[in-house]
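Listed below are the residues making up each chain.
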Amino acid sequence: MSAGAQPGSAFVAANEPDFPERGSAPADQGGSASPTVVRVALDVPLPTLFDYLLCAPAEHSPPSLLGRRVRVPFGRGSRIGLIFQVAAHSPVPADRLKAVLEVFADEPTLDHDVLELLQFATRYYHHPIGGVVFTALPQRLREVRARDTQRARALRLTAAGRERGAAGMSARATLQRRLLEVLGAASYVPVETLAGLGGSARRVLRDWMHQGWIEICADETPQGESLDERVAQAPAVLTNAQAFAVNAVMGAGDTFTPFLLRGVTGSGKTEVYLHLVAACLKARRQALVLVPEIGLTPQLLQRFQARFPATQLIVLHSDLSEGERLSRWRAAQRGQAGVVIGTRLSVFTPLPALGLIVVDEEHDASYKQQEGLRYSARDLALFRAKMRRVPILLGSATPSLESYGNALSGRYRLLELPERADAHMPRIDCVDTRRMRMPQGLSPILISAIRTRLERGEQSLVFVNRRGFAPALLCSACGWTCQCTRCSARLVLHLQAQQLRCHYCGHVQPVTRDCPDCGNQDLVPAGHGTQRVEQALLEALPDARVLRVDRDSTRGRAAFAAMHERIRAHEVDVLVGTQMLAKGHDFPRLTLVGVINADSSLYSSDFRAAERLYAQLTQVAGRAGRADIKGEVLIQTQFPEHPLYAAVCRQDYHAFAREALQERRDMRFPPFVHQALLRAEAPRREAVDAYLQRVAASGSALDFPVEIYDPVAPAIARVAGRERAHLLVQADSRAQLQRFLDAWVPQLAERNVRWSLDVDPLEF
Ligand code: ADP
Ligand code: ZN
Ligand code: ZN
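In short, a report on the structure. (Residues numbered from 1 in each chain as written. Chains lettered and ligands numbered in written order. Predicted model: local features only at pLDDT ≥ 70, side-chain atom pairs only at ≥ 80, totals over all residues. Heavy atoms only, no water.)

Here we look at the overall build of the chain
Here is the rule we go by: Helix and strand definitions here come from DSSP, where helices need a minimum of 4 consecutive H or I residues and strands a minimum of 2 consecutive E residues; each element is numbered from the N-terminal end. Any pair of residues with heavy atoms lying within 4.5 Å of one another is described as a contacting pair. Residue burial considers only the protein chains on display, and all accessible areas are found by Shrake-Rupley using a 1.4 Å probe.
A tally of regular secondary structure across the chain gives 22 helices and 31 strands. Taking the contacts inside the chain whose residues are at least 6 apart along the sequence as the reference set, 77% of them involve residues at least 24 apart. Here the chain has roughly 33100 Å² of accessible surface; of this, 50% comes from carbon and sulfur atoms.

Re the pairing of strand 3 (residues 69–74)
Threshold: Three exposure classes are used, based on accessible area relative to the maximum for each residue type with a 1.4 Å probe and protein chains only: buried under 20%, partly exposed in between, and exposed over 50%. When DSSP finds two or more bridges between two strands, those strands count as paired.
Within strand 3, 5 of the 6 residues are buried, which leaves it mostly tucked inside the rest of the structure. With 6 bridges joining them, strand 3 and strand 4 (residues 77–87) adopt antiparallel strand pairing. Along strand 4, the bridge assignment pairs V70 with G81. The hairpin formed by strand 3 and strand 4 contains 2 residues between the paired strands, and G75 there has a positive phi angle of roughly 55 degrees.

Some points on the side chain of H126
The condition is simple: Pairs of N or O atoms within 3.5 Å make up the polar contacts considered here, provided that, within protein, one atom can donate a hydrogen while the other can accept it, and that residues adjacent in sequence are counted only when both atoms are side-chain atoms.
Along the polypeptide, H126 turns up in the loop between helix 2 (112–125) and helix 3 (129–136). For H126, a relative accessible area of 12% corresponds to the buried category. In this structure the side chain of H126 is engaged in a polar contact, spanning 3.3 Å, whose partner is the backbone oxygen of R123. Excluding its chain neighbours within four sequence positions, the residues that come into contact with H126 are A121, Q738, L741, D742, V745, L757 and V759.

Thoughts on the site of ligand 1
Note the threshold: We define proximity as follows: a residue is near a molecule or strand when any one of its heavy atoms falls within 4 Å of that partner. Under this grouping Gly is polar, as are all residues other than the nonpolar Ala, Val, Leu, Ile, Met, Phe, Trp, Tyr, Cys and Pro and the charged Asp, Glu, Lys and Arg.
Neighbouring ligand 1 are 17 residues, the closest being V237, Q242, K269, T270 and R303. Here V237 contributes a backbone N or O atom positioned 2.7 Å from a nitrogen atom of ligand 1. One of the side-chain nitrogen or oxygen atoms of R303 is found 2.7 Å away from an oxygen atom of ligand 1. In isolation ligand 1 offers 550 Å² of accessible surface; the protein chains occlude 77% of this area. No other element matches the 3 residues that helix 10 (residues 269–282) contributes to the shell around ligand 1. In terms of residue class, the shell around ligand 1 is built from 5 nonpolar, 6 polar and 6 charged.

Considering the packing of helix 18 (residues 609–621) against helix 19 (residues 643–650)
Threshold: Fitted lines through C-alpha atoms serve as axes, helices being fitted only where they are in contact, and the angles separating the N-to-C directions of these axes extend from 0 to 180 degrees. The scheme is simple: roughly parallel for angles under 35 degrees, roughly antiparallel for over 145, roughly perpendicular for 65 to 115, oblique for anything else. Each crossing gets its hand from how the near helix is turned against the far one by less than a right angle, where anticlockwise is left-handed and clockwise is right-handed.
Where helix 18 meets helix 19, the closest approach of the two axes is 10 Å, and the angle between their N-to-C directions is 30 degrees. Considering their axes alone, helix 18 and helix 19 lie roughly parallel with respect to each other. Handedness of the helix 18/helix 19 crossing: right-handed. Contacts between helix 18 and helix 19 involve A610, L613, Y614 and L617 from the first element and L644, Y645, A647 and V648 from the second. Classifying every residue of the contact of helix 18 with helix 19 by side-chain character gives 8 nonpolar, no polar and no charged.

Remarks on the packing of aromatic side chains
So the rule is basically this: A pair of aromatic rings is counted whenever rings of Phe, Tyr or Trp (Trp by its six-membered ring) have centres within 6.5 Å, and the orientation is called stacked for planes under 30 degrees apart, edge-to-face for over 60 and tilted otherwise.
Counted according to the given criterion, the structure contains 15 aromatic pairs. Measuring from centroid to centroid gives 5.7 Å for F50 and F74, while their planes differ by 75 degrees, and the two rings are edge-to-face. Placement of F50 in strand 2 (residues 50–54) and of F74 in strand 3 is noted, with a sequence separation of 24 residues between them. When sorted by exposure, F50 lands in the same class as F74, which is buried. For the ring pair F607 and F669, a centre distance of 4.4 Å and an interplane angle of 10 degrees mean the geometry is stacked.

Details of helix 3
Helical geometry note: an α-helix holds 3.6 residues per turn, so side chains three or four residues apart project in the same direction. Counting buried residues along helix 3, 8 of its 8 residues qualify, which places the element largely inside the surrounding structure. Here the buried face of helix 3 lies against strand 1 (36–42), strand 4, helix 2 and helix 12 (322–333).

Side note on the sheet that holds strand 26 (residues 632–637)
Taken in spatial order, the 6 strands make up an open sheet running 16-26-25-17-24-23, and their pairing is parallel. The outermost strands of the open sheet, each flanked by one partner alone, are strand 16 (427–432) and strand 23 (546–549). The mean inter-strand angle of the sheet, taken between neighbouring strand axes irrespective of direction, is 20 degrees. Judged from the 6 bridges that link them, strand 17 (residues 459–464) and strand 25 (residues 590–596) form a sheet pairing that is parallel. For L461, the partnering residue across the bridge sits in strand 25 and is V593. Here helix 19 sits on the sheet and contacts strand 16 and strand 26; the angle it forms with strand 16, its principal contact strand, is near 150 degrees.

What to know about the environment of D522
Its location among the elements puts D522 in the loop between strand 21 (508–510) and strand 22 (523–526). Put simply, D522 and A477 are 45 residues apart on the chain and 7.9 Å apart in space, counted from C-alpha to C-alpha.

The following block contains the structure:
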């Protein structure tokens with residue numbers, strides 16, 4: 001980061017002497033008003049806004065400039081920026097200020113609360129404002145040559161557009177009348193058709209879009225005439241616990257009240273969301289529903305669609321085309337979308353009529369972005385709810401200890417759904433494998449339980465936390481293991497593809513036949529991945545139809561949906577899968593879950609490992625026996641007496657969480673302290689160490705009440721040829737940590753190492 005750049009200071013083109021002066025003539029010279037200074041966020045890695053002059057005509061009064069996109073000169077070219085502040089003067093001399101090249105006046109400005117959210121994220125995560133803005137905006141809005149309407153495939157009239165009709169339209173506006181007529185006659189019309197009606201059709205359409213009279217047809221929106229005739233699926237009659245939760249949240253009215261909905265899997269949390277969203281829509285407000293991963297929750301989407309067929313429901317996730325993303329984002333921004341369901345990025349979606357935020361599976365680590373702006377969507381959602389004074393509901397069967405701690409201390413209101421809505425809780429037992437011979441990793445007890453299900457026509461799931469065939473290839477004579485040359489990690493054997501793969505850098509090589517150290521030709525696979533368990537099942541149960549579900553077998557949403565269908569159609573008897581299968585699925589015939597290899601997380605050095613394992617086991621156990629048949633869960637373990645397994649078997653989240661929180665308090669771990677992690681990497685180890693030592697020393701010299709730990713390397717220290725290490729900073733309060741970071745971050749700049757700061761890190 002540039003040491004000289006101060007917030008609010010201008011980018012002065014001192015190092016670009018050839019910048020053409022002509023280019024800096026303002027685009028908007030129509031007005032006679034005196035020039036305004038606008039402070040603009042640009043997608044550059046500098047922690048500052050950039051000042052430009054705007055010779056604005058009167059229609060751009062300052063409030064309408066905030067949140068507007070502009071094109072400005074930068075370096076030798078031009079860039080897209082977003083206006084964050086408007087000022088009368090700049091600290092930069094007027095003759096060195098450049099002028100805005102273009103104001104995108106025909107599109108809506110970014111809402112005030114989103115601007116505030118972005119500024120908060122910048123301050124809290126100590127990330128350059130430009131980086132934050134351009135993380136949050138759809139890609140199309142970051143490009144110089146981008147316009148919404150041109151990429152839209154089809155348009156239709158909105159309710160507002162229909163209502164307005166041709167009334168008030170001048171008789172001479174023939175193009176407008178014609179467009180309206182064509183749009184009014186069909187449920188939607190291709191853009192090309194409309195553009196063909198007249199030379200300035202696109203301009204008119206853009207204007208109407210801005211007014212909210214027409215909208216882009218997003219493909220997941222129920223379309224056309226059937227819209228209002230679709231029959232909404234009737235809501236369930238709520239159980240007492242559900243009704244209590246719904247009333248509590250509705251009673252919060254227009255206040256910021258965080259609720260934590262703790263409900264066992266299948267207890268009807270989603271039903272609570274649906275009721276609250278219905279109330280929100282009835283009040284003509286918008287609901288934002290955050291989910292960890294869309295691809296893994298097709299049933300949740302279907303339920304929302306079935307319940308609100310006449311509402312425009314927008315789905316936002318990472319594998320949308322950029323055109324789709326923008327059109328959906330705009331539908332939310334114009335208030336047309338009643339419900340937005342999306343992954344973490346959708347926390348930034350502009351929602352002018354926001355009335356409710358739901359964060360489903362709030363404990364899920366995928367709410368935290370692990371690169372660039374390392375934000376927690378759950379935490380930003382809380383900030384947003386607070387700013388907008390709307391209720392927020394965090395739901396989970398196994399809340400994060402952070403959220404549970406907040407519920408115990410009274411900062412959140414705890415709501416409980418203690419029982420399954422329409423099924424029994426499964427029975428969970430440990431299978432003691434200490435004295436068993438299990439060459440293929442499957443105990444005879446588990447095999448026979450699966451066989452019983454097979455005979456009864458029920459389904460089983462075997463949960464394995466690793467993909468591939470075996471996590472290592474080992475020499476039985478000298479102990480050599482096959483390592484990645486670019487990472488300090490073992491290569492994973494993928495037998496079907498006949499490959500060794502590195503799961504860290506993606507390196508692939510053919511399977512080694514003999515040991516390079518001793519020449520031994522007997523290399524043995526060590527440990528069990530999904531492929532090996534699949535093979536073992538096929539051998540043990542030749543009649544069973546086995547399906548493996550992991551990232552290798554299932555790429556993309558379509559593949560996942562297809563597989564989902566096969567399972568529901570009972571074309572599968574036994575599923576073998578990673579945590580991909582653990583989340584939010586409802587397979588009515590699935591009555592047995594077996595868990596393999598969970599022990600490896602019991603004695604991890606990561607203080608969150610136990611919390612994660614508890615959540616994962618509870619989640620996967622939740623797949624068993626959802627309908628009329630009681631489910632059974634068998635956890636294979638060498639440590640059947642471990643207190644964590646005991647709590648899982650008793651299904652006593654409260655006991656587990658209270659004890660774990662007590663331990664965190666004693667050991668001074670979050671949420672009782674607050675952490676930031678500085679990560680660094682470089683090709684050479686010495687460079688990383690020297691850097692971390694330097695910034696650790698400069699941090700100590702600042703003399704704040706924080707603890708700065710010695711730099712350490714993570715378990716996998718080298719990835720793709722780069723050495724990694726990190727430095728942990730810890731404070732008793734968030735405010736203390738933030739004050740320290742404010743002073744420290746400007747000193748972190750360094751040329752030779754790549755570094756990043758992670759506030760509230762989840763992974764070490
Ligand atoms: P969760 O989100 O907690 O996993 P769901 O909302 O998916 O729970 O509910 C689990 C099952 O129970 C679903 O099949 C759902 O339709 C059903 N269900 C939920 N609430 C009720 C209710 N009040 N009456 C009857 N069935 C319900
Ligand atoms: Zn050897
Ligand atoms: Zn590698």
